[in-house]
Amino acid sequence: MIGDRLTQAMNDQIKHELESYYIYLSMVSWLHDRNLDGMAHWMRCQAHEEMIHAMKFFDHIIDRGGKAVLQDLKQLKTDWVSVEEVFNDAYAHEQFITSKINELTTIAREEKDYASEPMLAWFSDEQVEEEATTGKIAAELEMVGKDKTGLLMLDRELGQRVFPAGSPLDPVAYNAK
Ligand code: FEO
């Protein structure tokens, strides 16, 4: 059975992951509004992953005999001055999430909750990947600068990202129903 301290911290993490989902979905809208549909698609895939992350914590708490409690989400940012700011924010947000996963790992160890360690190790690996991808796109946007051709090329490239099978955020999936 999961202890109260780790349950509380994981419930907080559900909120952080759902806020990630919500922030990225807001970025999707902003990017579509600038006709950067490839980047919007990439960010939609990212939003999907955040919903999955929230559900992993949700189910872990329940599977371990705890109670998942949903919390209010914080006020959302809905506007950015540039596409560079969008991806810089995404990169900074992933660094914040990494710090939260590190805190959870510390709590799990202090509480001797060994059953949570494999899952938290998965999240640590995931954060390495998510920081790498968002940081790389932010760096590429800085290189591209005001070059519209470079921006369009990057938009096309990011539009190639593949949705996980059956994603509820994939228009192909929900329009087929
Ligand atoms: Fe769920 Fe992007 O961290």
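Please refer to the structure placed before this passage.
As a starting point, this report considers the structure included with it. Computed from a predicted model, the values in this text were never measured in an experiment.

1. A look at the overall build of the protein
Right, so step 1: What the protein contains, in helices and strands, is six helices and zero strands.
Right, so step 2: Of the regular secondary structure in the protein, the N- to C-terminal order runs α-α-α-α-α-α.
Right, so step 3: In terms of C-alpha radius of gyration, the protein reaches 17 Å, essentially the compact-globule figure of 16 Å for 177 residues.
Right, so step 4: With the C-alpha coordinates of the protein rotated into their principal frame, the extents come out at 55 × 40 × 30 Å.
Right, so step 5: For the protein, the residues scored as buried account for 45% of the 177 residues in total.

2. Thoughts on helix 3 (residues 83-110)
Right, so step 1: Given a rise of 1.5 Å per residue, 28 residues ought to cover 40 Å, and the 41 Å separating the end C-alpha atoms of helix 3 matches this to within 8%.
Right, so step 2: At the exit of helix 3 stands lysine 112, carrying a positive phi of roughly 55 degrees.

3. Some details on the packing of aromatic side chains
Right, so step 1: Scanning all chains against the criterion turns up four aromatic pairs.
Right, so step 2: Here the aromatic rings of tryptophan 30 and tryptophan 80 are separated by 6.4 Å at their centres, their planes lie at 80 degrees, and the arrangement is edge-to-face. With tryptophan 30 in helix 1 (residues 4-33) and tryptophan 80 in the loop between helix 2 (37-63) and helix 3, this pair connects stretches of sequence that are 50 residues apart. For the pair tryptophan 30 and tryptophan 80, a shared accessibility class is recorded, and that class is buried.

4. Focus: the nonpolar core
Right, so step 1: Counting 28 residues, the largest nonpolar core has Leu31, Met39, Met43, Val83 and Phe87 as its most contacted members.
Right, so step 2: Here this core takes seven residues from helix 1, the largest share from any one element.
Right, so step 3: Setting aside residues up to four positions removed in sequence, methionine 43 forms contacts with Tyr24, Met27, Val28, Leu31, Val86, Phe87 and Ala90.
Right, so step 4: The next biggest cluster of nonpolar side chains, apart from the first, holds 17 residues, and it includes Ala68, Ile97, Met119 and Leu120.

5. Here's the deal with the environment of alanine 54
Right, so step 1: In this structure, alanine 54 sits in helix 2.
Right, so step 2: A relative accessible area of 1% places alanine 54 in the buried class.
Right, so step 3: C-alpha of alanine 54 to C-alpha of glutamate 157: the two residues are 103 residues apart in sequence and 28 Å apart in space.
Right, so step 4: When near neighbours in sequence (up to four residues on either side) are disregarded, alanine 54 contacts Ile14, Glu17 and Leu18.

6. Some words on helix 1
Right, so step 1: Spanning 30 residues, helix 1 covers 44 Å between terminal C-alpha atoms, matching the ideal 44 Å at 1.5 Å per step.
Right, so step 2: Backbone geometry just downstream of helix 1 places asparagine 35 in the positive-phi region, at approximately 60 degrees.

7. Points about the pattern of salt bridges
Right, so step 1: Inspection of every chain in the model, using the stated rule, returns eleven salt bridges.
Right, so step 2: Lysine 77 serves as the salt-bridge partner of aspartate 89, at 2.8 Å between the closest nitrogen and oxygen. With aspartate 89 in helix 3 and lysine 77 in the loop between helix 2 and helix 3, this pair connects stretches of sequence that are twelve residues apart.
Right, so step 3: What makes lysine 77 partly exposed here is its relative accessible area of 36%.
Right, so step 4: For glutamate 140, the salt bridge goes to lysine 136, with nearest N and O atoms at 2.9 Å. Here glutamate 140 pairs with lysine 136, and both are found in helix 4 (residues 117-144), just four residues apart, close to one helical turn.
Right, so step 5: Each of the salt bridges in this network shares a partner with another, and the network as a whole consists of Arg5, Glu110 and Glu111.

8. Things to note about the layout of surface pockets
Over the atoms, a rolling probe the size of a water molecule traces out where space has been left empty.
Right, so step 1: Approximately 220 Å³ is the volume found for the largest pocket.
Right, so step 2: Lining the largest pocket are 14 residues, with Val83, Glu84, Gly145, Lys148 and Leu151 positioned closest to its centre.
Right, so step 3: At the level of elements, helix 3, helix 4 and helix 5 (148-158) are the ones that each hand at least two residues to the lining of the largest pocket.
Right, so step 4: For the lining of the largest pocket, the residue count by class is seven nonpolar, two polar and five charged.

Parameters at a glance
Residues numbered from 1 in each chain as written. Predicted model: local features only at pLDDT ≥ 70, side-chain atom pairs only at ≥ 80, totals over all residues. Heavy atoms only, no water. Helix = DSSP H or I, 4+ residues; strand = E, 2+ residues; numbered from the N terminus. Rg over C-alpha atoms; globule rule 2.2 N^0.38 Å. Buried < 20%, exposed > 50% of the residue type's maximum accessible area, 1.4 Å probe, protein only. Expected span 1.5 Å × (residues − 1). Phe/Tyr/Trp six-rings, centres within 6.5 Å; stacked < 30°, edge-to-face > 60°. Core = buried A, V, L, I, M, F, W, Y, C linked by side-chain atoms within 4.5 Å. Contact = heavy atoms within 4.5 Å. Salt bridge = Lys/Arg side-chain N within 4 Å of Asp/Glu carboxyl O. 1 Å grid on protein atoms, 1.4 Å probe; cavity = no way out; pocket = protein on both sides within 12 Å on 5 of 7 lines; lining within 4 Å. Points joined across faces, edges and corners; volume = space filled by probe spheres on them. Nonpolar A, V, L, I, M, F, W, Y, C, P; charged D, E, K, R; others polar.

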